[in-house]
Amino acid sequence: MQDEQNSALDTVKDKKISRRGLFSFAGAFLLAVAGCASYKYFSSTSTIHVESCVTAGSGIMKNILILTGSSRHNGNSFLLAEAFKQGAVKAGHTVNTFHSGMTPMSACLHCDSCWTDGKPCVVADSFDTFYPLLEQADMLVFCSPLYWYNFSGHIKCAMDRMYPYFRENRLRDLKVKEAMLLMCGESMFPRSFAGAAEAYRQMLGLNHWKDRGRLFVTGVHEFGDIKGHKALSVAEQMGCDA
Ligand SMILES: Cc1cc2nc3c(=O)[nH]c(=O)nc-3n(C[C@H](O)[C@H](O)[C@H](O)COP(=O)(O)O)c2cc1C
């Protein structure tokens, strides 16, 4: 009799446990669905936000090198760079663009063989196209999509390969005196760019480059998201004011 009662109690307990388990599962499922939905909401319907600042230029015509960081031809940062270039050319500056994401470049190997064959770097790749442009430039414009809260890997490789110009016993110096930073990303929060902005700030300090402006565009992800947006006219104006 006691055994029968125990077994009946177990069955009731099992039912309770399985009902509780069912509720937990349903709850977790609903939370996951809500989480996905709100992520999709935030990432796909965010408004584009532009944060920019520009400092006064000297009015002297200069040689500007735009270093882009995306593989996407006509992508968001590509269009930012184009808009900037349009403004800078209109203002009379000489502008070159190097697309680091479209011409694969190795990372710096830190082999310390810089200048040993008379060239800044012994690694033969698209750096050979990049460095003559770099050596002519008075001003550098970094234009990158945000990748993992930082510069894209493509542009980072090109930046790292500038190492020969910053080490001892170099054969040549760069003429660069000024820099600008243009970035875009999917995030709707300007603070997502803080890591890259801080790296840029430190780079300016180390090289005694004057900061000529920064532009951060949030909420752009798909191809063409940035098309028709005021971010492009802000970038163009930054080019005019360069
Ligand atoms: C590998 C990778 C990492 C990314 N990381 C971020 C990120 O950390 N934050 C963000 O807001 N967007 C991120 N994105 C989205 C891009 O910044 C966004 O799509 C940007 O508009 C792409 O610019 P593009 O068209 O010039 O390539 C990432 C995209 C890729 C491919």
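Residue indices begin from 1 for each chain and proceed along its sequence in written order. Where totals are concerned, whole chains, interfaces and linings use all residues; where local detail is concerned, this predicted model gives features only for residues with pLDDT of at least 70, and gives and counts side-chain atom pairs only at 80 or more. Hydrogens and water molecules were not included; the side-chain quantities draw on all heavy atoms of the structure.

By the naming in an unreviewed UniProt entry, the chain goes by Flavodoxin family protein and is assigned to Taurinivorans muris.

(A) Region of interest: the sheet that holds strand E5 (residues 178-184). Taking strand neighbours across the sheet as the criterion, the six strands line up as E1-E6-E5-E4-E2-E3 in an open arrangement whose pairing is mixed. Looking at strand neighbours, the two that pair on one side only are strand E1 (50-54) and strand E3 (94-99), the edges of this open sheet. Going from strand to strand, the sheet's axes swing by 15 degrees on average, the running direction of each strand aside. Strands qualify as paired when DSSP identifies two bridges or more between them. Secondary structure is summarised from DSSP: a helix means a run of H or I of at least four residues, a strand means a run of E of at least two, and numbering begins at the N terminus for each. With six bridges connecting them, strand E2 (residues 63-68) and E3 associate as parallel partners. Counterpart to Ile 64 in the pairing with E3 is Val 95. In this analysis, two residues are considered to be in contact whenever any of their non-hydrogen atoms come within 4.5 Å of each other. To get an axis, a line is fitted to the C-alpha atoms, and for a helix only the part in contact is used. The angle between two axes follows their N-to-C directions and goes from 0 to 180 degrees. Against the sheet, helix H2 (residues 76-90) makes contact with E2, E3, strand E4 (139-145), E5 and strand E6 (210-217), and its axis sits at roughly 140 degrees relative to E5, the strand it touches most.

(B) Quick look at the layout of surface pockets. Cavities and pockets were defined on a 1 Å grid built over protein atoms only: a cavity is a set of grid points that admits a 1.4 Å probe from which the probe cannot escape, a pocket is an open set flanked by protein on both sides within 12 Å along at least five of seven lines, and lining residues are those with an atom within 4 Å of any such point. Grid points are joined across faces, edges and corners, and a volume is the space filled by probe spheres set on the points. Estimates place the volume of the second largest pocket at around 270 Å³. If you go around the second largest pocket, the residues you meet are Asn 150, Phe 151, Lys 156, Met 159, Asp 160, Met 162, Tyr 163, Phe 166, Ala 199, Met 203 and Asn 207. Among the secondary structure elements, those contributing two or more residues to the lining of the second largest pocket are helix H4 (153-160) and helix H5 (194-207). Side-chain classes are defined by residue name, with Ala, Val, Leu, Ile, Met, Phe, Trp, Tyr, Cys and Pro counting as nonpolar, Asp, Glu, Lys and Arg as charged, and the others, Gly among them, as polar. A class-by-class count of the residues in the lining of the second largest pocket yields seven nonpolar, two polar and two charged.

(C) Geometry of the site of the ligand. Residues are counted as near a molecule or strand when any one of their heavy atoms sits within 4 Å of it. Around the ligand lies a shell of 16 residues, among which Ser 70, Ser 77, Leu 146, Ser 187 and His 221 are the nearest. For the purposes of these results, a polar contact is taken to be a pair of N or O atoms within 3.5 Å, where, inside protein, one atom must be able to donate a hydrogen and its partner to accept one; residues adjacent in sequence count only when each atom of the pair is a side-chain atom. One nitrogen or oxygen atom from the main chain of Glu 186 is found 3.0 Å from an oxygen atom belonging to the ligand. Note on areas: Shrake-Rupley, 1.4 Å probe, and residue coverage restricted to the protein chains presented here. Summarising the interface, the protein chains cover 80% of the accessible area of the ligand, which totals 640 Å² for the free molecule. Within the shell around the ligand, the residues separate by chemical class into seven nonpolar, seven polar and two charged.

(D) Region of the structure containing unusual backbone geometry. Here the phi dihedral of Trp 115 falls at roughly 70 degrees; this positive angle occurs in a residue that is not glycine. Turning to its location among the elements, Trp 115 is positioned in the loop between E3 and helix H3 (127-136).

(E) Region of interest: the nonpolar core. Note on terminology: a nonpolar core comprises buried Ala, Val, Leu, Ile, Met, Phe, Trp, Tyr and Cys residues joined through side-chain atoms within 4.5 Å. Partly exposed residues are those whose accessible area sits between 20% and 50% of the maximum for their type, while under 20% is buried and over 50% is exposed, using a 1.4 Å probe and protein chains only. Counting 36 residues, the largest nonpolar core has Phe 130, Phe 142 and Trp 209 as the members making the most contacts within it. Breaking this core down by element, the ones donating at least two residues are E2, H3, E4, H4, E5 and H5. Ignoring any residue separated from it by four or fewer positions in sequence, one finds Phe 142 in contact with Leu 67, Ile 155, Met 159, Ala 179, Met 180, Leu 181, Leu 182, Tyr 200, Met 203 and Trp 209. Counting residues in hydrophobic clusters, the runner-up holds 26 residues, among them Val 141, Met 180, Leu 232 and Met 238.

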